[in-house]
Amino acid sequence: MITMGSSALRLAAASLPLLLAACGSSGGAAPAAPRDGAGTAARDIRLEADEPYALPGTGTGFGAGGGAVGDFNHDGHADLALANGRGGGINILLNRGDGRFAEALVAEASGTVQAIASGDFDGDGLLDLVAAGLQDFSVTMLKGQGDGRFVAGASSIVGLLPQGIVTADFNHDGRSDLAVLNGSLTLAVLLGQGDGRFGPAWQLPGGLFTTSIASGDFDGDGHADLALADGVTEMLTVYRGAGDGSFVRGGLSFAGGFAESIVAGDLNGDGLDDIVAGLVAAPLRALLQELPEQQLRLLAGPYGSGADVLLADGQGGFAAPVHYLAGTAATAVAIDDYDRDGRADIAVASFLSKDLTLLRGSGGGLFAPGPSYEASGGAQLLLSTDYDGDGWPDLAVPGGLGAAELTIFRNVSGSAP
């Protein structure tokens, strides 16, 4: 689960003409298809887009943490919960079983919902939601009824402008806990009580302009850790979990640029969670140095966006980032095995260029350019899972700068071209 930094998007939009003038466009020959361990050509990744769904509300509330996936009506199919933008509440889209969705239900939630996470927070075996509301400085538990409906439950005060949520079991008691990013300044940790309520929030320092949060085991000790991306310092801060619900601040790692979103997952098969950062802009220091056009292209590509891969070093830090070009203003990233070759791949959604770009894992934490598709304008969120039940991971891409919409990209890599 990751978060949106709306100020980052405003900065990106304001800087677009200058950066395009400096960088121009780039191109090149397509690389050879990656190969699997047996030496045979890996299966091509192919996606097909369904017709977009119109959603209630507006798309302006979508952020990298503005949605969640889960089986909300216990029918064995993956459903979606999406922030309803300025319309308020949460859109619940129930899967018909074939990757198509019924008309959205609206779960009531106070204020403008900026971030959502799902989990069984009251121990009844049904998926619930937690929603962060910008106006009331709180997170609210929405109790799942098992049929796609939700009823508002307890709220917890977490701090100023909550805008991102991750869930994990931070103290090994079998209950889901929360870490909530408040504005850009603090991080609130709340331990689950197992009955839909959470203990008092305690605060950790954030950063100068913290845009995103992710959770994973970055040091291999079996405890959930936290990573924060700061858009101004362009650094990642790691809080190492102690296993009892407390955290110790670790080191800093260079993120590679203005990271709008981060996700965690094992990219090189070493058992440690790594980080993928979606960059809306090149490193600020490079732009300020007025590097020649060719160097800017090599450094960050057109508009300085794309994905940075940071491999965990096993000590709670990360190796130097490796940058991959992808779209214009990359605001959301996802990790999955889209070609089912046993290696993690990366999907990147771009806010301004309407691109959905795939990066194919080639082993050892390295990636090769994959296909690119036109997606919804203003896409800021990616939700990856198998929606149509064919065993291949698909992508849900909510977006829209005005009226909100949702596009499902079906993974047809397993079928004959």
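Residues numbered from 1 in each chain as written. Predicted model: local features only at pLDDT ≥ 70, side-chain atom pairs only at ≥ 80, totals over all residues. Heavy atoms only, no water.

Re the overall build of the chain
Counting secondary structure elements, the chain contains 3 helices and 29 strands. Counting all 417 residues of the chain, 55% fall into the buried class. A separation of at least 24 residues holds for 50% of the contacts in the chain among residues at least 6 apart in sequence. On the chain, roughly 15,500 Å² of surface is accessible, and the fraction owed to carbon and sulfur atoms is 55%. (Helix = DSSP H or I, 4+ residues; strand = E, 2+ residues; numbered from the N terminus. Buried < 20%, exposed > 50% of the residue type's maximum accessible area, 1.4 Å probe, protein only. Contact = heavy atoms within 4.5 Å. Areas by Shrake-Rupley, 256 points an atom, 1.4 Å probe, with all protein chains shown as cover.)

Some details on the sheet that holds strand β4 (residues 79-83)
Strand order across the open sheet formed by 4 strands is β3-β4-β5-β6, with antiparallel pairing between neighbours. Edge positions in the open sheet fall to β3 (67-70) and β6 (105-107), since each of these has one partner strand only. Each strand axis lies, on average, 25 degrees off the axis of its neighbour in the sheet, ignoring direction. Taken together, the 3 bridges between strand β5 (residues 90-93) and β6 define a ladder with antiparallel strand orientation. Paired with I92 across the strands is L105, a residue of β6. (Pairing = 2+ DSSP bridges. Axes fitted to C-alpha atoms, helices over the stretch in contact; angles between N-to-C directions.)

Re a nonpolar patch on the surface
Together, F137, I157, L160 and L161 make up a nonpolar patch on the protein surface, roughly 390 Å² of accessible area in all. Position of L161 among the secondary structure elements: in the loop between β10 (150-157) and β11 (162-168). (Patch = residues over 30% accessible without salt bridge, like charges linked within 9 Å, V, L, I, M, F, W, Y side chains within 5 Å. Salt bridge = Lys/Arg side-chain N within 4 Å of Asp/Glu carboxyl O.)

Examining the sheet that holds strand β9 (residues 138-144)
The strands that make up a sheet pair up through hydrogen bonds in the backbone, lying either parallel or antiparallel. Here we have 4 strands laid out as an open sheet, ordered β7-β8-β9-β10, and antiparallel in their pairing. Each edge of the sheet is formed by a strand with only one pairing partner; in this case those strands are β7 (113-119) and β10. Going across the sheet, the axis of each strand differs from the next one's by a mean of 25 degrees, ignoring polarity. For strand β8 (residues 128-133) and β9, the ladder comprises 5 bridges, and the chain directions are antiparallel. Its bridge partner being in β9, V130 is matched across the sheet by M141.

Topic: the pattern of salt bridges
In the structure shown here, the tally under the stated rule is 12 salt bridges. For R410, the salt bridge is made with D388, and the minimal N-O distance between the two is 3.2 Å. Of this pair, R410 sits in strand β29 (residues 403-411) while D388 sits in the loop between β27 (383-385) and β28 (394-399), and the two are 22 residues apart along the sequence. The same class applies to R410 and to D388, which are both buried. In the salt-bridge network here, residues are joined through shared partners; they are D44, D339 and R360.

Regarding the environment of S253
For S253, the position within the fold is in strand β18 (residues 247-254). The exposure class of S253 is buried, given its relative accessible area of 8%. For the pair formed by S253 and M235, sequence separation is 18 residues and the distance between their alpha carbons is 5.5 Å. Beyond its immediate sequence surroundings of up to four residues, S253 is in contact with E234, M235, L236, G317 and F318. Of note is the side chain of S253, whose polar atom sits 3.2 Å from the backbone nitrogen of F318. (Polar contact = N/O pair within 3.5 Å; in protein donor to acceptor, adjacent residues only side chain to side chain.)

Notes on the packing of aromatic side chains
The tally for this structure, following the rule as stated, stands at 9 aromatic pairs. Here the aromatic rings of F101 and Y387 are separated by 6.0 Å at their centres, their planes lie at 70 degrees, and the arrangement is edge-to-face. Note that F101 is positioned in the loop between β5 and β6 and Y387 in the loop between β27 and β28, a separation of 286 residues in sequence. Y387 gets classed as buried once you look at its relative accessible area, which sits at 1%. Ring geometry for F170 and F247: centres 5.2 Å apart, planes at 80 degrees, overall edge-to-face. Of this pair, F170 sits in the loop between β11 and β12 (177-182) while F247 sits in strand β18; the two residues are 77 residues apart in sequence, bridging distant segments of the chain. By the burial criterion, F170 is buried, and F247 matches it. Every member of this aromatic cluster is reached through a ring pair, and the members are Y53, F101 and Y387. (Phe/Tyr/Trp six-rings, centres within 6.5 Å; stacked < 30°, edge-to-face > 60°.)

Observations regarding the side chain of D230
By secondary structure assignment, the location of D230 is in strand β16 (residues 225-230). An unpaired buried charge is present at D230: no salt bridge exists, and R249, the closest side chain of opposite charge, is 7.4 Å distant. Within the structure, the side chain of D230 is placed 3.1 Å from the backbone nitrogen of F209, a separation counted as a polar contact. The residues touching D230, leaving out its near neighbours within four places in the chain, are G207, L208, F209, T210 and M235. (Lys, Arg positive; Asp, Glu negative; His and termini not counted.)

Some points on the environment of G251
Relative to the elements of secondary structure, G251 occurs in strand β18. Put simply, G251 and T237 are 14 residues apart on the chain and 6.3 Å apart in space, counted from C-alpha to C-alpha. In this structure G251 touches L236, T237 and V238, once residues within four positions along its chain are discounted.

A few points about the side chain of D225
Structurally, D225 is set in strand β16. One buried charged residue, D225, remains without a salt bridge, the closest side chain of opposite sign being R240 at 5.6 Å. At 2.9 Å, the side chain of D225 forms a polar contact with the backbone nitrogen of F218. In contact with D225, other than residues within four places in its own chain, are A214, S215, G216, D217, F218, D219, Y239, R240, G241 and F247.

Observations concerning the nonpolar core
One broad trend across soluble globular proteins is that nonpolar side chains are buried collectively. Residues L236, I262, I275 and F318 are the most contacted members of the largest nonpolar core, which totals 16 residues. At the level of secondary structure, the elements contributing two or more residues to this core comprise β16, β17 (235-241), β19 (258-265) and β20 (274-281). It is β20 that provides the largest number of residues to this core, a total of 3 residues. I275 has contacts with A214, F218, A227, L236, I262, V263, A264, L267, D308, V309, L310 and F318, leaving out every residue within four places of it along the chain. (Core = buried A, V, L, I, M, F, W, Y, C linked by side-chain atoms within 4.5 Å.)

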